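Spelled out from the first residue to the last, the chains are:
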Amino acid sequence: DTGVSQDPRHKITKRGQNVTFRCDPISEHNRLYWYRQTLGQGPEFLTYFQNEAQLEKSRLLSDRFSAERPKGSFSTLEIQRTEQGDSAMYLCASSLAGLIYGYTFGSGTRLTVV
Amino acid sequence: SQQGEEDPQALSIQEGENATMNCSYKTSINNLQWYRQNSGRGLVHLILIRSNEREKHSGRLRVTLDTSKKSSSLLITASRAADTASYFCATDPLIQGAQKLVFGQGTRLTINP
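In short, a report on the structure. (Residues numbered from 1 in each chain as written. Chains lettered and ligands numbered in written order. Predicted model: local features only at pLDDT ≥ 70, side-chain atom pairs only at ≥ 80, totals over all residues. Heavy atoms only, no water.)

**Observations concerning a nonpolar patch on the surface**
Here comes step 1: Together, Leu96, Ile100 and Tyr101 of chain A give the surface a local cluster of nonpolar side chains, amounting to about 280 Å² of exposed area.
Here comes step 2: Tracing the backbone through its elements, the reader meets Leu96 of chain A in the loop between β9 (88–95) and β10 (104–105). (Patch = residues over 30% accessible without salt bridge, like charges linked within 9 Å, V, L, I, M, F, W, Y side chains within 5 Å. Areas by Shrake-Rupley, 256 points an atom, 1.4 Å probe, with all protein chains shown as cover. Salt bridge = Lys/Arg side-chain N within 4 Å of Asp/Glu carboxyl O. Helix = DSSP H or I, 4+ residues; strand = E, 2+ residues; numbered from the N terminus.)

**A word on the environment of Val114 of chain A**
Residues and elements named next belong to chain A.
Here comes step 1: Among the structural elements, Val114 can be located in the segment after β11 (109–113).
Here comes step 2: Between the C-alpha atom of Val114 and that of Thr82, which follows or precedes it by 32 residues, the distance is 9.4 Å.
Here comes step 3: Residues within four places of Val114 in sequence aside, it is in contact with Ile12, Thr13, Lys14, Arg15 and Gln84. (Contact = heavy atoms within 4.5 Å.)

**Things to note about the sheet that holds strand β7 (residues 65–68) of chain A**
All names here are of chain A.
Here comes step 1: Ordered in space as β1-β3-β8-β7, the four strands form an open sheet in which the pairing is antiparallel. Since the sheet does not close on itself, it has two edges, and those belong to β1 (5–7) and β7, each with one partner. The mean angle between the axes of side-by-side strands here comes to 15 degrees, regardless of whether they run parallel or antiparallel.
Here comes step 2: In this structure, β1 lies alongside strand β3 (residues 19–24), joined through three bridges in antiparallel fashion. The residue of β3 that forms the bridge with Asp7 is Arg22. (Pairing = 2+ DSSP bridges. Axes fitted to C-alpha atoms, helices over the stretch in contact; angles between N-to-C directions.)

Structure (C-alpha cells):
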C-alpha cells in the first residue's frame, strides 16, 4: 500500500458535462475526506466518510455534487452539469478515526471546465 | 470557511537562513497541524501539536502553540532549496461533532540558492 491514490490526475471537460473522480485510500484508514482547493487558497472541506457512512457535507457541496464510498473502501466524487466555477484541484485524504494522526493526502485531481 | 490565517502570505529567503511562518485561528482546538504542499501536488503532513503542548520539534522543524493567543508558528531551520513549497496550518476545532481539519490559506515559501 503506497498511499492515497487519485484518478485521474487531470481532467478537462466542457461546461455542462458530468465528471467522476476516484480515490483509493490507505486500506487500514476508516476515514476518507474530500477537499477542494483553488489557486492560492487552502483546501476547503467538502465531505467525509467514516467507513461507508457519509457523516458530513459542506454547504459548498451543492446538489450537483455527490460522493459515495461503497463498502467503505474507495470513494467517488461526481460533479453533474459542470460549471466553470468548479475548476479546482480536488483532494482526497484518509486517516484513522480521530484527528490525532493527521491526514494522508493523494496527489489530487485537477479539473478544468472550459 | 477557513479558520486559520497564515502570515506572511509569501516569504522568500536565502538558502541556509531560518524561515518562520505564523498561523492564527479563531476557535478553541484539540490540536493544530502543519502541512507542506509542493506545486501541483497533494499535501504532506509535517507535524501535529496538541492543545496542551507548547512546543514540538521534528528534525529541522520547530512548532510552537499559544492557545491563549490562538496562534502557532512553524520554524524551519537551515533552509534548503527543497523546502520551497506552500505551508498550511490546519486546526481540529473543539466543536462537538466537528470531525474535520480546517485549513488556513497558506504561506508560499521560496528558498533562493
